[in-house]
Amino acid sequence: MKSSSPLKWFGSREGLYYLALACLLVVILPLALDPFRLNMVGKYLTYAFVAIGLVMCWGKAGILSLGQGVFFGLGGYCMAMFLKLEASTPEATAIQSTPGIPDFMDWNQLTELPWFWEPFHSFSFTLIAVIGVPVLLAFVIGFAMFTRRVGGVYFAIITQAIAAILTILIIGQQGYTGGVNGITDLQTLKGWDIRTDEARTTLYFVCVGMLFLCLFVARLVQNRKLGRILVAMNAQEMRVRFSGYDVAAFKIFVFCLAAAFAGIGGAMFTLIVGFMSPSFIGIVASIEMVIFCALGGRLSILGAVYGALLVNAAKSGFSESFPELWPFAMGALFIGVVLAFPNGLAGLYRSYVMPLEERLFKRKAPVANATAEPSATKPGAEKADDYDPMINTYCPEKS
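Residues numbered from 1 in each chain as written. Predicted model: local features only at pLDDT ≥ 70, side-chain atom pairs only at ≥ 80, totals over all residues. Heavy atoms only, no water.

**Quick notes on the confidence of the model for the protein**
Averaged over all residues, the pLDDT of the protein equals 85, while 88% of them reach at least 70. Low confidence marks residues 368-399, where pLDDT is under 50. Its contacts with residues over four positions away, or in another chain, come to 59 contacts. (pLDDT = per-residue confidence, 0-100. Contact = heavy atoms within 4.5 Å.)

**Some details on the side chain of R241**
Position of R241 among the secondary structure elements: in helix 11 (residues 237-242). Beyond its immediate sequence surroundings of up to four residues, R241 is in contact with R149 and V247. (Helix = DSSP H or I, 4+ residues; strand = E, 2+ residues; numbered from the N terminus.)

**Overview of the packing of aromatic side chains**
Summed over all chains, the structure comprises 22 aromatic pairs. On the basis of an interplanar angle of 85° and a centroid distance of 6.1 Å, the ring pair of F146 and F255 is categorised as edge-to-face. Of the two residues, F146 sits in helix 6 (residues 123-146) while F255 sits in helix 12 (residues 247-273), which places them 109 residues apart along the sequence. Members of the aromatic cluster, connected to one another through ring pairs, are Y47, F72, F269, F275, F280 and F292. One residue, R298, lies across the ring of W58, its end atom 5.3 Å from the ring centre. (Phe/Tyr/Trp six-rings, centres within 6.5 Å; stacked < 30°, edge-to-face > 60°. Lys NZ or Arg CZ within 6 Å of the ring centre and 35° of its normal.)

**Regarding unusual backbone geometry**
Although it is not a glycine, D185 sits at a positive phi angle of roughly 60°. We classify D185 as partly exposed; its relative accessible area is 42%. If you check the backbone angles, K190 has positive phi at about 55° while not being a glycine. Within the fold, K190 resides in the loop between strand 1 (188-189) and strand 2 (192-193). (Buried < 20%, exposed > 50% of the residue type's maximum accessible area, 1.4 Å probe, protein only.)

**So, the environment of G73**
Positionally, G73 belongs in helix 4 (residues 68-87). Residues G73 and L166, 93 residues apart in the sequence, show an inter-C-alpha distance of 9.7 Å. If we skip the residues at most four places from it in the chain, G73 touches M276 and I281.

**Quick notes on the environment of L83**
Turning to its location among the elements, L83 is positioned in helix 4. In sequence terms L83 and T184 are 101 residues apart; their C-alpha atoms lie 9.5 Å from each other. Every residue in contact with L83, bar those within four places of it in the chain, is listed here: L186, T188, L189, I194, T270 and L271.

**So, the pattern of salt bridges**
A complete count under the given rule lists 6 salt bridges for this structure. Put simply, K84 and D103 hold a salt bridge, and the shortest N to O gap is 3.3 Å. With K84 in helix 4 and D103 in helix 5 (residues 103-107), this residue pair connects regions lying 19 residues apart in the sequence. Like K84, the residue D103 is buried in the burial classification. What you see here is one network of salt bridges that share partners, running through E237, R241 and K251. (Salt bridge = Lys/Arg side-chain N within 4 Å of Asp/Glu carboxyl O.)

In structure tokens, the structure reads:
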């Protein structure tokens, strides 16, 4: 594929989609919303990290994970442990029976800090752990499952069971994890008060920056040969295996990539919201994350961001007025997405909005006949200006 200048890319249709999202998140929302509502949008965006990972894992490679909340929670807990230790200085905890340890440990009659908490005194170690711990667990799960060719519904059930097990483990080990309440009362980051409106606004922009970094990493993977192999595995796994590719290795890679995105989202959630609890790890939270991806479009990394924003905004608005009915609305939404528009908002955009764009800007529609497809998929061919980033139309069966 020929390299093109960044300026040319930003002038393409794909670049305009990214610029529109950047304009929405960096300019429009900060100007239109007060600090409290902007902080809520920042919270919604932390779920978008998980949704992007699910697009790569489920939409591209066909690996449905119902336990992404595990990796989201692990990243969040790693950050929460650092913040809690910073708030648990001997001076701040002088009234405790054992000063210098988190309050919930003192309540559970622990007399010293557990060994696995000690490294989280270091902020550098914490940043590594935010990504490293979820990726390590994802590698262990992926290696155990994919090398034995466990996939499909069996893999989905296993990941769901892991989410349930980890939730029970965290709640049961109250003295080490904070139990059902989680890790709360997080106040400062390296002496910087994260509870002020200025700090929350700053963290919002940090979250947006990290989100775009993950978007471009996902786009890089999607648009390279690796991305085409992932899509090919989804359609014809046996053909890819017989072509000499190590399918298990590719599955492990994309599963670990999704875990890394989720870990970053969990860490940002802890910073923005100010606590982390097991309720964001369990089965319900993990299924909601799948709904974010499905609504936005499981083939679209940009659609995943919009899906996370819209579903969480609807959840906040609807649950404020009808808290008892929201779970039913969420279930109906998921069923409706699967039955009515399986490609989500991205599919609707491609079917109804893009044709209007073609007429409005008098753009030539993409050639859909079979004779034109081989030239579009040649390794040296350059993407047309009307390349569709919302839906990856690569079809391995026609290559």
